[in-house]
Amino acid sequence: MNRNDIKLIAFDADDTLWDCQSWFDDVERRCCELLAPWATAHEVSEGLFATERRNLPLTGYGTKAFTLSLIENAVRVSHEQLTGDIVMRLIELGRELLNFPTTPLPEVRQTLEALADMRRYQLVVFTKGELMDQEAKLHRSGLETFFSHMETVSNKTEHEYRQLCQNLGVAPEQTVMVGNSFRSDIAPALAAGAWAIHIPYHVVWELEKSEEFDHERLHRITHFAEILDVLT
């Protein structure tokens, strides 16, 4: 990578800048406890995953989509025996996911400060999900001042990466994507012609799991601050 050619650094949000999946996993665990009279934790989780995958083409990604699947799966595994108080508790669990603290992960703030101080790169957030939810998470993180632009899309494919570059007036080869998901952040960015920095997270949503591969435009790191080693 010729650093002088790079103009844009795009960052994924959830599980790259702050923890997210752990909160969803905790809600799933508590849902399993609520539904224990009707099904085992494995049956509840297996049913939830199948419901999410089936609903994805209609509801997309995000907290509200997850909550709908949570309730639908609960109704199904309980054989429609759910009481109103349990339905309300499931709704409350979904609402909690709209307000969890988005505390920046280790080294994130310091690294963004260092990159911003260079005044060499445009820093943006490129994420998928629900617009209001993603904007609120960025605001709660206290990181929004580091970014000149935030773009939230329904999915991340090669097309969306090319569109991001076009929207911001840069070529894909002048762009670096930083993210934890190989499926959403790395593979499609590379396919679009961009560079990518993969920083895996310790938890991965089932629908984000995918085969990984090596690539001449791919850098792998284990700590967020290593971005500076790649780009400075």
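Please read these numbers as outputs of a predicted model, since none were measured by experiment.

Asks: Before we move on, could you go through the overall build of the protein and cite the residues and values that matter?
Replies: The helix and strand inventory of the protein stands at 9 helices and 6 strands. Computed over the C-alpha atoms, the radius of gyration of the protein is 19 Å, within 12% of the 17 Å expected from 2.2 N^0.38 for a compact globule of 232 residues. Out of the 232 residues in the protein, the part that is buried amounts to 49%. Here the contacts in the protein between residues at least 6 apart in sequence split such that 70% fall between residues at least 24 apart. Taking the average location of the 22 positive side-chain charges in the protein and that of its 37 negative ones, the two points are 3 Å from each other.

Asks: Summarise the pairing of strand β1 (residues 8-11); cite the residues concerned and give the values.
Replies: Of the two faces of β1, the one lined by Leu8 and Ala10 and the one lined by Ile9 and Phe11 are each fully buried. Bridging between β1 and strand β2 (residues 122-128) involves 4 bridges; their strand directions are parallel. Looking at β2, one finds that leucine 8 is bridged to glutamine 122. The pairing of β1 with strand β4 (residues 175-179) spans 4 bridges and is parallel. Bridge pairing in β4 places isoleucine 9 opposite valine 176.

Asks: Run through the nonpolar core, naming residues and quoting values.
Replies: Ranked by size, the top nonpolar core spans 48 residues in total, and within it Phe11, Leu17, Leu143, Phe147 and Ile227 carry the most contacts. Those residues in contact with phenylalanine 11 that lie beyond four places of it in its chain are Leu17, Leu112, Leu115, Leu123, Val124, Val125, Phe126, Phe147, Met177, Val178, Phe224 and Ile227.

Asks: Break down the pattern of salt bridges for me, with residues and values.
Replies: Pairs may arise between side chains of opposite charge once their charged atoms sit close together. Summed over the entire model, instances satisfying the criterion amount to 16 salt bridges. Measuring nitrogen to oxygen at the nearest pair gives 3.0 Å for the salt bridge that ties lysine 137 to aspartate 14. Of this pair, lysine 137 sits in helix α6 (residues 131-141) while aspartate 14 sits in the loop between β1 and α1 (21-34), placing them 123 residues apart in sequence. The pair formed by lysine 137 and aspartate 14 is uniform in burial state, with each residue classed as buried. Residue arginine 76 is joined to glutamate 72 by a salt bridge in which the shortest nitrogen-to-oxygen separation is 3.0 Å. Taken as a pair, arginine 76 and glutamate 72 lie in helix α3 (residues 63-77) at a separation of 4 residues, close to a single helical turn. Note on arginine 76: relative accessible area 42%, which makes it partly exposed. Judged by its relative accessible area of 29%, glutamate 72 is partly exposed.

What counts as what
- Residues numbered from 1 in each chain as written.
- Predicted model: local features only at pLDDT ≥ 70, side-chain atom pairs only at ≥ 80, totals over all residues.
- Heavy atoms only, no water.
- Helix = DSSP H or I, 4+ residues; strand = E, 2+ residues; numbered from the N terminus.
- Rg over C-alpha atoms; globule rule 2.2 N^0.38 Å.
- Buried < 20%, exposed > 50% of the residue type's maximum accessible area, 1.4 Å probe, protein only.
- Contact = heavy atoms within 4.5 Å.
- Lys, Arg positive; Asp, Glu negative; His and termini not counted.
- Charge placed at Lys NZ, Arg CZ, Asp CG, Glu CD.
- Pairing = 2+ DSSP bridges.
- Core = buried A, V, L, I, M, F, W, Y, C linked by side-chain atoms within 4.5 Å.
- Salt bridge = Lys/Arg side-chain N within 4 Å of Asp/Glu carboxyl O.

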